[in-house]
Amino acid sequence: MFTYTLRRLAFAVPTVLIISLIVFLLLDLAPGDPTADLPLTIPVEVREQIRMALGLGEPVHIRYLKWLEMMLVNEPLHALANMTGWDVTRDAPRILSWQTRSPVGDIIAQRIPQTLWVVGLGYIFGVLIALPIGIISAYRQYSWFDQVGTFVSMVGFSVPTFFTGVVLILVFSVWLGWFPSMYDTTLEVRDWDSFVRQVKQIILPVSVLALFNASQISRFMRASMLDNLNQDYVRTARAKGLKEQTVVLTHVLRNSMIPVVTVIALGIPAVFSGAIITEQIFRVNGLGHALIGAIYANDIPMVQTITFIFAVLIVLFNLIADVLYGLLDPRIRYD
Amino acid sequence: MADGAREPLVQVRGLKMHFPITSGLLRRQVGAVKAVDDVSFDILPRETLGMVGESGCGKSTTGRAVLRLYDITAGSIRIEGAEIGSLSQTALRRLRPKMQMVFQDPQASLNPRMTVAAIIGEPLDEHTRWGRRERLDRIYELMDAVGLNRNFANRYPHEFSGGQRQRIGIARALALNPAFIVCDEPIAALDVSIQAQVVNLLEELQERFGLTYLFISHDLSMVRHIATRVAVMYLGKIVELAPREALYADPLHPYSQALLSAVPDPDPSLAEKVERIILTGDVPSPSSPPQGCNFCTRCPQVMPVCREIEPETREVSHGRFVACHLHDATHDPTGGRTPGTRQEPNQQGVTR
C-alpha cells in the first residue's frame, strides 16, 4: 500500500507538469491584452513598454518555465515564510496579478478561508443530510419517504445552483427578509450578536450548496445500499440471527460506504472550484469569485494559478480516493 | 434406532410462499408467483431429506421459507415442536441458533469485508456471552472440524478457493450447534472434484454432530448419495416423496420418471438401454399454473381428469407419497394422510 502510494505520487508529477503546460498554453494562446482595460489615451509605445514590464517580451517557453519556477518553488517558499516567519524566500520573484500588481499567492491566501467556510460547510452539511436519506430510502425502497427523497434529490440535482440561489434570495431575503442576500466577508465574529449575523448570512449559500451536494450523494448512497441489500451475504447475516440493526449498519452500510466514500473524496476538489457560481450569487469573496473577476479582467497569471491549483487538488484527491478504496475494501490490494 | 415412530424434527404443513406481482400506477397486486404452493413434509432427526427438481421449481424458496428467511404466505412450520411459521422476525432471532443454512454461492454469501474469524465468530457474539478466549477457541475448533487451516483465520473470503469458501460457510452454520441445517445447493457452484469433498464433509459432520439436513440440489446422483429420503418438486409442489432406494429404483410419478431418466449412466452399454423420457413444452408460469394437476401440460400419461382435478398426495405404499391420478386407485388404505411420519426406519443405515 505504501509503495503503491509512493508510486502513484511519483506518477502524479508528470501528470501535474503536463496539466501546467496545457493550462499555461491555453490561456497564453487565448486572445486578450493586459493593457486593453487601460484608457485609450495611453500611446502605443507606452502600452508596449507595459507589456515588456509584465514580461510578455520573452518567448513562450521561457515564460512557461519562469512561471513554473515561480508557481512550484517561489510561491510555496513565500507561503512558508509567511506562515513561519523564516527568511527562506531570498526575494525570489512571485507571480503578479495584472489587475492589482500584488502577488497572486497573497490574494489566494486571503480568499481561501471564505471559500472553505461557505463551500466546505455546504459540502459537510450536504454529506450529513445525504447519508441518512440515502440509507433510509434504500431500506424502505418505494415507500413514500423514498419517493419524496428521490424526487427532491432529482430536483436538487437537475436545478442549477444559480436558479435555486436566486429563488432562495427572492423568498428569504426579498419577501421574508429573514436573511441577507449578500455575504459580508468583513464581518468579524466577536460576540453573540455578530455570531448570529454570521450564521444568518451563511445560511442561504450553505443551503444552496448542501441541497446540490446532498442530492448527488444521497442518490449514490441509495444505489449503493440497494446493491448490497440484495446480496447473499445479507441473507447469511439474517440467517445468523443478527439484529436487523446489525445487519443493516454493520453488514450492508459498511460495504455500501466503499464507493460512497470515494465519491465524497472525489467531490472535495469541487469544494474549492465548483462553487464559483454560488459565490458569485451571494457575493462571497472567495476563490471562485476571484477566478471570475480575473477572467473578466483578463488577468492571465491569476487565472493560470487558480486553475492550476484546482488541477493539483483534483489529482491529489483522485489519489486519496484510490488509497481510501484500498483501505476500505480488503479485496483490493495495490502491490 | 429401531422405533418407527420417531418424532419428526421438522414438520412442514401446507407451506405456501407467494410473491406478489404488482403493476399499474398505484402498484396494486394483480397476481402472485406461487413459488411454493401447499408443500408438506417431515424430516426425522439425523436424516437427510433430499429435495430435487428443475430450476425454478421452488426448491430454494422452500428451503429459505422453512427457515423463515421469508415471511411465508401460509402454512405451519414446526421445528423441535416449536411453531415458527407465524413468529415475528424478532422472536425468530432467538431460535436461529437451532436452524442454519449453507448457501449456494460461497462467494456471494460471505461478507467480503470480514475475515474468516469474524464471519464464523459473529453468531457467537450475537447469541452467547463468551469472552475473547472462548470465542477464538470455538472458531479454531470449527475451522478444524471443516478442515480449514487455523492460520487462515485472519484472511478474507476472496483469498480462498470455492471449496474452502464453502467450508467457511459450513463452519459458520455450525457455530451455534444447530440441530437442523438447510443445504441450499451447497455444491452447485463447485468443481466436481471439490463437490465430493464437500458432500463427504457434510456427511461426516452429520455423523459427528447428529445433524439433520434438508439437502436441496438439482444433482440427482449427489442426492442419491447423501439423502435418506427424497422429495421431487415440480412447479411449487412436491409431486413425489419416497425413500431414496425406492424412488431411484421405481419412480411413481411421471415427472420423477422423466427426471430420473435424464441421469446419465456411466456404463455405456447400460446407457444405451436406458429409455430417456423427453418432456415437451415449457414449465408453465408459476403465476398462472394450469388447472388440475400442475404437470398436466407436459405429462406423457395425461388423462382427462388431470386437467380438472388437482391430485391429492397419497401414501401408495409404506413411506411412499405421490400426488398423481395414476395412483388414485392403487393407493394404500391409509392413504391421504400427511406424508413422512411413517418412514422406513432402517434407511439411515443402508450401505451405499
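Scroll up a little and you will see the structure.
The structure displayed is predicted, hence computed values, not measured ones.

**Q** Sorry, what's going on with the overall build of chain B here?
**A** Scanning chain B from terminus to terminus reveals 10 helices and 12 strands. For 352 residues, the compact-globule estimate of 2.2 N^0.38 gives 20 Å, and chain B sits close to it at 21 Å. Principal-axis analysis of the C-alpha atoms places the extent of chain B at approximately 65 × 60 × 40 Å. Here chain B holds 352 residues, and 52% of them are scored as buried. In chain B, the proportion of contacts linking residues at least 24 apart, taken out of those at least 6 apart, comes to 63%. Surface summary for chain B: the accessible area is close to 15700 Å², and the carbon and sulfur share equals 49%.

**Q** Help me understand the sheet that holds strand E4 (residues 74-79) of chain B in this model?
**A** In any sheet, the strands associate via hydrogen bonds between backbone groups, in a parallel or an antiparallel arrangement. All names here are of chain B. Across the sheet, 4 strands lie side by side as E2-E1-E4-E5; this open sheet has antiparallel pairing. With partners counted over all chains shown, the strands left at the sheet margins are strand E2 (28-43) and strand E5 (82-83), one partner each. Pairing between strand E1 (residues 10-23) and E4: 5 bridges, direction antiparallel. The residue bridging Val-12 from the neighbouring strand is Ile-77, located in E4. Contacting E1, E2 and E4, helix H1 (residues 59-66) crosses the sheet at an angle of about 115° to E1.

**Q** Would you mind showing me how to read the environment of Gly-50 of chain B here?
**A** All names here are of chain B. With respect to the element layout, Gly-50 can be found in strand E3 (residues 48-52). Expressed as a C-alpha distance, the spacing of Gly-50 and Val-322, which sit 272 residues apart in the sequence, is 15 Å. Dropping the residues within four chain positions of it, Gly-50 is found in contact with Phe-215, Val-223, Ala-227, Arg-229, Val-230 and Ala-231.

**Q** I keep staring at empty space enclosed by the protein and nothing clicks. Help me out?
**A** The gaps left among the atoms become clear once a water-sized probe is rolled over them. All names here are of chain B. Across all of its chains, the model carries 6 cavities of 30 Å³ or more by this definition. Of the volumes computed, that of the largest cavity is approximately 70 Å³. Looking at the largest cavity, it is lined by 13 residues, and the ones nearest its centre are Pro-254, Cys-293, Cys-299, Cys-306 and Cys-324.

**Q** Where do I start with helix H6 (residues 192-209) of chain B in this structure?
**A** Since the α-helix packs 3.6 residues into each turn, any two residues three or four apart lie on the same face. Residue and element names in this part refer to chain B. With 18 residues, H6 should cover 26 Å at 1.5 Å per step; its first-to-last C-alpha distance of 26 Å lies within 8% of that length. Contact partners of the buried residues in H6: E3, helix H4 (132-145), helix H5 (162-174), strand E7 (180-184), strand E8 (212-216) and helix H7 (220-226). A positive phi of about 65° marks Gly-210, the residue just after H6.

**Q** Even after reading the chapter, I still don't get the interface of chain A and chain B, so can you show me in this structure?
**A** One frequently used descriptor of interface size is the decrease in accessible area upon assembly of the parts. The interface is formed by 18 residues belonging to chain A together with 23 residues belonging to chain B. Between chain A and chain B, the buried area comes to about 2200 Å², and carbon and sulfur atoms account for 55% of it. Contact with chain B buries surface across chain A, with Arg-235, Lys-240 and Pro-330 of chain A losing the most and accounting together for 29% of the total. In this structure, the connection of chain A to chain B is made through 2 salt bridges. Of the charged contacts, one joins Glu-122 of chain B and Lys-240 of chain A as a salt bridge, the two residues approaching to 3.0 Å between their closest N and O atoms. Counting across the chain A and chain B interface gives 15 residue pairs in polar contact (both at pLDDT 80 or more). Listed by contribution, the elements that provide at least two residues to the side of chain A that touches chain B are helix H8 (232-239) and helix H9 (244-273) of chain A. The element contributing the most residues to the side of chain A that touches chain B is H8 of chain A, with 6 residues. Its residues assigned to classes, the side of chain A that touches chain B comprises 6 nonpolar, 5 polar and 7 charged.

**Q** How should I be thinking about the nonpolar core in this particular structure?
**A** Residues Trp-67, Ile-217, Met-221, Met-225 and Ile-306 of chain A are the most contacted members of the largest nonpolar core, which totals 64 residues. Every residue in contact with Trp-67 of chain A, bar those within four places of it in the chain, is listed here: Ser-20, Phe-24, Ile-95, Gln-304, Thr-305 and Phe-308 of chain A. With 60 residues, the next largest nonpolar core counts Cys-183, Leu-205, Tyr-234 and Ala-242 of chain B among its residues.

**Q** What should I look at first to understand unusual backbone geometry in this one?
**A** A negative phi angle is the norm for most residues apart from glycine, just as the trans form is the norm for most peptide bonds. Residues and elements named next belong to chain A. Phi at Arg-101 is positive, roughly 60°, even though this residue is not glycine. Residue position: Arg-101 is located in the loop between helix H3 (60-84) and helix H4 (104-139). Look at Arg-101 and you get partly exposed, because its relative accessible area is 46%. If you check the backbone angles, Asn-298 has positive phi at about 60° while not being a glycine. By the secondary structure assignment, Asn-298 is in the loop between helix H11 (287-296) and helix H12 (300-328).

**Q** What should I look at first to understand H5 of chain B in this one?
**A** The end-to-end C-alpha separation of H5 of chain B is 18 Å, in line with the 18 Å expected for 13 residues at 1.5 Å each. For H5 of chain B, the secondary structure elements touched by its buried residues are H8 of chain A together with strand E6 (99-102), helix H3 (116-127), H4, E7 and H6 of chain B.

**Q** What should I look at first to understand the pairing of strand E9 (residues 229-234) of chain B in this one?
**A** Within a regular strand, the side chains alternate between the two sheet faces. All names here are of chain B. Most of E9 is tucked away: 6 of the 6 residues are buried. Both faces of E9 are covered, namely the face carrying Arg-229, Ala-231 and Met-233 and the face carrying Val-230, Val-232 and Tyr-234. The sheet contact formed by E3 and E9 spans 4 bridges and is parallel. Residue pairing in the sheet places Leu-49 in a bridge with Arg-229 of E9. Direction of pairing for E9 relative to strand E10 (residues 237-243): antiparallel, over a ladder of 6 bridges. Among the inter-strand pairings, Val-230 is bridged to a residue of E10, identified as Ala-242. What sits between the antiparallel neighbours E9 and E10 is a turn of 2 residues, in which Leu-235 has the positive phi angle 50°.

**Q** What should I look at first to understand the layout of surface pockets in this one?
**A** If you add up the space inside the largest pocket, you get close to 1000 Å³. Around the largest pocket, the lining is made up of 27 residues, and of these Tyr-139, Asn-230, Arg-238 and Glu-244 of chain A together with Leu-69 of chain B lie nearest the centre. Breaking the lining of the largest pocket down by element, the ones donating at least two residues are H4, helix H7 (192-229) and H8 of chain A together with E1 and helix H2 (89-93) of chain B. Considered class by class, the residues forming the lining of the largest pocket number 11 nonpolar, 7 polar and 9 charged.

**Q** Looking at this structure, I do not really get the sheet that holds E6 of chain B. What am I missing?
**A** Residues and elements named next belong to chain B. The mixed open sheet is built from 8 strands, whose spatial order is E6-E7-E8-E3-E9-E10-E12-E11. Whereas interior strands pair on both sides, the edge strands pair on one side only; in this sheet they are E6 and strand E11 (314-317). Sheet twist, expressed as the average angle between the axes of neighbouring strands with direction ignored, equals 25°. When E11 meets strand E12 (residues 320-322), the two strands line up antiparallel, connected through 3 bridges.

Scoring rules and cut-offs
Residues numbered from 1 in each chain as written. Chains lettered and ligands numbered in written order. Predicted model: local features only at pLDDT ≥ 70, side-chain atom pairs only at ≥ 80, totals over all residues. Heavy atoms only, no water. Helix = DSSP H or I, 4+ residues; strand = E, 2+ residues; numbered from the N terminus. Rg over C-alpha atoms; globule rule 2.2 N^0.38 Å. Buried < 20%, exposed > 50% of the residue type's maximum accessible area, 1.4 Å probe, protein only. Contact = heavy atoms within 4.5 Å. Areas by Shrake-Rupley, 256 points an atom, 1.4 Å probe, with all protein chains shown as cover. Pairing = 2+ DSSP bridges. Axes fitted to C-alpha atoms, helices over the stretch in contact; angles between N-to-C directions. 1 Å grid on protein atoms, 1.4 Å probe; cavity = no way out; pocket = protein on both sides within 12 Å on 5 of 7 lines; lining within 4 Å. Points joined across faces, edges and corners; volume = space filled by probe spheres on them. Expected span 1.5 Å × (residues − 1). Buried area = accessible area lost by both parts, 1.4 Å probe. Salt bridge = Lys/Arg side-chain N within 4 Å of Asp/Glu carboxyl O. Polar contact = N/O pair within 3.5 Å; in protein donor to acceptor, adjacent residues only side chain to side chain. Nonpolar A, V, L, I, M, F, W, Y, C, P; charged D, E, K, R; others polar. Core = buried A, V, L, I, M, F, W, Y, C linked by side-chain atoms within 4.5 Å.

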